[in-house]
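Tertiary structure, described
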Amino acid sequence: MTNPITTNDAGGTIEEAAVRKAISSTPRPERASALAAALAFGWRGMLKIRHVPEQLLDVTVTPVMFVLMFTYLFGGAIEGSTSAYRDFVLPGVLVMAVIFTTVYCGISINTDLTKGVLDRFRSLPIWSPAPLLGALLGDCVRYLVAATVIIVLGLILGFRPENGVPGVLAAVGLVVIFSFALSWVFTTVGLLMRSPNAVMNAGFMAIFPITFLSNVYVREDTLPSGLKAFVDVNPITHLTTASRDLMGGTVQAENLIVVLGTAIVLTAVFLPLTTRLYRRA
Amino acid sequence: MTGYSLAIEAEGLKKHFGETKAVDGVNLAVPTGAVYGVLGPNGAGKTTTIRMLATLLQPDGGSARVLGHDIVREADAVRGLVSLTGQLASVDEDLNGRENLILLGLLLGLKRPAAKERADELLEAFDLTEAATRLVKNYSGGMRRRLDIAASLVVTPELMFLDEPTTGLDPRSRNQVWDIVRALAEAGTTILLCTQYLEEADQLAEGIAVIDHGRVIAEGTPAQLKASVGGGALHVRLLDPEQRPEAERILTERLGSAVLEPDPARLSSQCADAERGADAVAELSRNGITVADFSLGQPSLDEVFLALTGHPAEDDETAETTAEAA
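This structure is a prediction, so every number in the text was calculated from the model and none was measured. (Residues numbered from 1 in each chain as written. Chains lettered and ligands numbered in written order. Predicted model: local features only at pLDDT ≥ 70, side-chain atom pairs only at ≥ 80, totals over all residues.)

Thoughts on the overall build of chain B
- A count of helices and strands for chain B gives 12 helices and 14 strands.
- The principal-axis extents of the C-alpha atoms in chain B amount to approximately 75 × 45 × 40 Å.
- The buried share of chain B, reckoned over its 326 residues, is 49%.
- Look at the contacts in chain B between residues 6 or more apart in sequence, and 69% of them connect residues 24 or more apart. (Helix = DSSP H or I, 4+ residues; strand = E, 2+ residues; numbered from the N terminus. Buried ≥ 20, exposed ≤ 12 C-beta atoms within 10 Å, placed from the backbone. Contact = placed C-beta atoms within 7 Å.)

See the structure below:
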């Protein structure tokens, strides 16, 4: 039977024989290992970044704008000189830029959910957390891109951190670790909300106050006492202080403990929650 | 081919969402190697049933075995044998067609070169080679469906779930999908096909279960089902609704029965024979009744439902339709 049975959009044909050959030719392979499945999802994350680079633009343009605007508009007023303020604000904007990026993992998981592709992944015989872990690989690239953009911008503007390359790398590493933990909050949100837009709105509504009500832009001792109390306990404040100190000072153990402790708590609560919701989505 | 005579055995399968009894005690016995149709209107519980059988949803009651494995206790074994082509095309829109197939190959355990080779083979078979490097979001509905089905075949499944594979497709794309399903059936793949169209089930399926309000209300071969409804139907639309009682009388006289449809200008009669149908229409004209249009066809899902349940198929749940529009 080689008769063409239909013509398609482009005028080609679907050969019944070809379809039959295609469906008969595969012996079922060994199941993919957990690692192979996670890596395959990581590859998917990379492909998405390549096909939809606008995503990266979104998360890098805002922080760049903030650095320029705050440094040159408010820098003199806040810190006495633009260069002093630049050195103060840059590690903070690094924190903000990477933290903003975490919202995207919630948006992308919600997109998979609402578009139906999650159904296919969940019906596959694979290690079930693989899609989530694989997505983290894609996130990691986004975090590093956001961090690199800010650091490079800083260097162009004359930022020369005292502790040099190792200090900057340590700060970026700490920020990335915290962001991984925070991303589980957004995957949970992503699995609960109805549309990617809703996730984006909810995400940024939470992220904006949390990052602004910290010491990213101003020193906490200039704040009224009520606000200062909040800013002092905000983990973003500790993260910002720690990355400032890692880049150009001496890091205090207390800040590291708060940052890593928060990361552990967030992961311990939201990772299992995400996995559970994912299985039932 | 496989060791079991039944590919799917479901007993009293239930799923409730709050007050809504989406699936309310479904029994199914699907033989291995057959295309089995599940026919019902939107909201009848078809998709929910498929999602339970494909291990995506946990049933609230009842039990089911797929290819001999319990869908709850042995979900992982079930996943290793089935593939799902969901109602929403379950492919990644931000990737191109080839990448979608390679990804699934990798996830199913193929090594990268084998996954690539397999992807190209399927693209070729489903006439998507030219579109291979285009992003799926730019595909037509028919191409997307073909890719979706190809994605379900990266590793040949023993059982394939097809949820409304032709809803929203133009007739030509629909025929292509039908051809693919036939080729799959010829090759011995068991297929559970959910559809709203009696014609589709008639064309493809060897057995049909009609489902309504979460329950199976009739079961049989397409021929049995159509026989229970009365074969075909003549549909007539009048220019003047005032003339309907007169038309009803004439059609009843000529064809033995007539049903008034919700539209005040429409009525229909059971009629399997084209000649008698044409003759009845001519008789209407001879009596001065102006026929705006008429058609002779297979009974619609509505008529099947009317015959089986005494009420027309209702769209009593908009969830499925909205999901589709999204």
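Here we look at the overall build of chain A
- When helices and strands are tallied, chain A shows 11 helices and 2 strands.
- Reading the secondary structure of chain A in the N-to-C direction produces β-β-α-α-α-α-α-α-α-α-α-α-α.
- By principal-axis analysis of the C-alpha atoms, chain A measures approximately 85 × 40 × 35 Å.
- By residue count, 45% of the 281 residues in chain A fall in the buried class.
- When contacts within chain A are restricted to residue pairs at least 6 apart in sequence, those whose partners lie at least 24 apart make up 76%.

A short note on helix 11 (residues 253–280) of chain A
All names here are of chain A.
- A rise of 1.5 Å per residue sets the reference length of helix 11, with its 28 residues, at 40 Å; its end C-alpha atoms lie 40 Å apart and thus fit the reference within 8%.
- At T267, helix 11 is bent by approximately 25°, the largest bend along its length.
- Taken as a whole, helix 11 has its buried residues at N255, V259, A263, F270, T274 and Y278.
- Buried-residue contacts for helix 11 involve helix 6 (130–157), helix 7 (164–192) and helix 10 (235–248). (Expected span 1.5 Å × (residues − 1). Bend = angle between axes of the 7 residues up to and from the residue.)

Brief notes about the sheet that holds strand 6 (residues 82–85) of chain B
All names here are of chain B.
- Across the sheet, 6 strands lie side by side as 6-7-8-3-9-10; this open sheet has mixed pairing. Strands with a single pairing partner mark the edges of an open sheet, and in this sheet they are strand 6 and strand 10 (215–220). Strand-to-strand twist of the sheet, defined as the mean angle between neighbouring strand axes without regard to direction, takes the value 20°. (Pairing = 2+ DSSP bridges. Axes fitted to C-alpha atoms, helices over the stretch in contact; angles between N-to-C directions.)

Some words on the nonpolar core
- Formed by 148 residues in total, the largest nonpolar core has its most connected members in L94(A) and L192(B).
- Considering each element in turn, this core owes the most residues, 18 residues, to helix 4 (residues 82–115) of chain A.
- Discounting residues that sit within four places of it in the chain, L192(B) has contacts with I8(B), V30(B), Y36(B), V38(B), I50(B), L159(B), F161(B) and L162(B).
- Of all hydrophobic cores here, the second largest spans 12 residues; its members include L238(B), A247(B), L267(B) and A280(B). (Core = buried A, V, L, I, M, F, W, Y, C linked by C-beta atoms within 7 Å.)

Looking at the interface of chain B and chain A
- If you look at the interface, chain B gives 50 residues, while chain A gives 40 residues.
- Listed by contribution, the elements that provide at least two residues to the side of chain B that touches chain A are helix 2 (75–79), strand 6, helix 3 (97–107), helix 4 (112–125), helix 5 (141–151) and helix 6 (171–186) of chain B.
- Looking at the side of chain B that touches chain A element by element, the count peaks at 7 residues for helix 6 of chain B.
- Tallied by class, residues from the side of chain B that touches chain A come to 25 nonpolar, 12 polar and 13 charged. (Nonpolar A, V, L, I, M, F, W, Y, C, P; charged D, E, K, R; others polar.)

Brief notes about the sheet that holds strand 11 (residues 233–238) of chain B
Residue and element names in this part refer to chain B.
- The strand order 12-13-11-14 describes an open sheet built from 4 strands, whose pairing is antiparallel. Both edges of this open sheet fall to strand 12 (259–260) and strand 14 (291–297), since each of them pairs with a single strand only.
- As paired elements, strand 11 and strand 14 share 6 bridges and run antiparallel to each other. Across the sheet, residue A233 finds its bridge partner in strand 14, namely G297.
- Its contacts with the sheet put helix 9 (residues 244–255) on strand 11, strand 12 and strand 13 (266–270), and the angle it makes with strand 13 is roughly 10°.

Section: the packing of helix 4 of chain A against helix 7 of chain A
Residue and element names in this part refer to chain A.
- Their axes nearest at 8 Å, the elements helix 4 and helix 7 cross at an angle of 30°. Classified by the angle between their axes, helix 4 and helix 7 sit roughly parallel to one another. Here the hand of the crossing between helix 4 and helix 7 comes out right-handed.
- Taken together, the residues that form the contact of helix 4 with helix 7 break down as 17 nonpolar, 8 polar and no charged. (Parallel < 35°, antiparallel > 145°, perpendicular 65-115°, else oblique. Left-handed = near helix turned anticlockwise from the far one by under 90°.)

Focus on the pairing of strand 10 of chain B
Residues and elements named next belong to chain B.
- Taken together, the 5 bridges between strand 9 (residues 207–212) and strand 10 define a ladder with antiparallel strand orientation. Along strand 10, the bridge assignment pairs I211 with V216.
- Connecting strand 9 to the antiparallel partner strand 10 that follows it, the hairpin turn spans 2 residues, and H213 within it adopts a positive phi of roughly 50°.

Shape descriptors only; they carry no functional weight alone.
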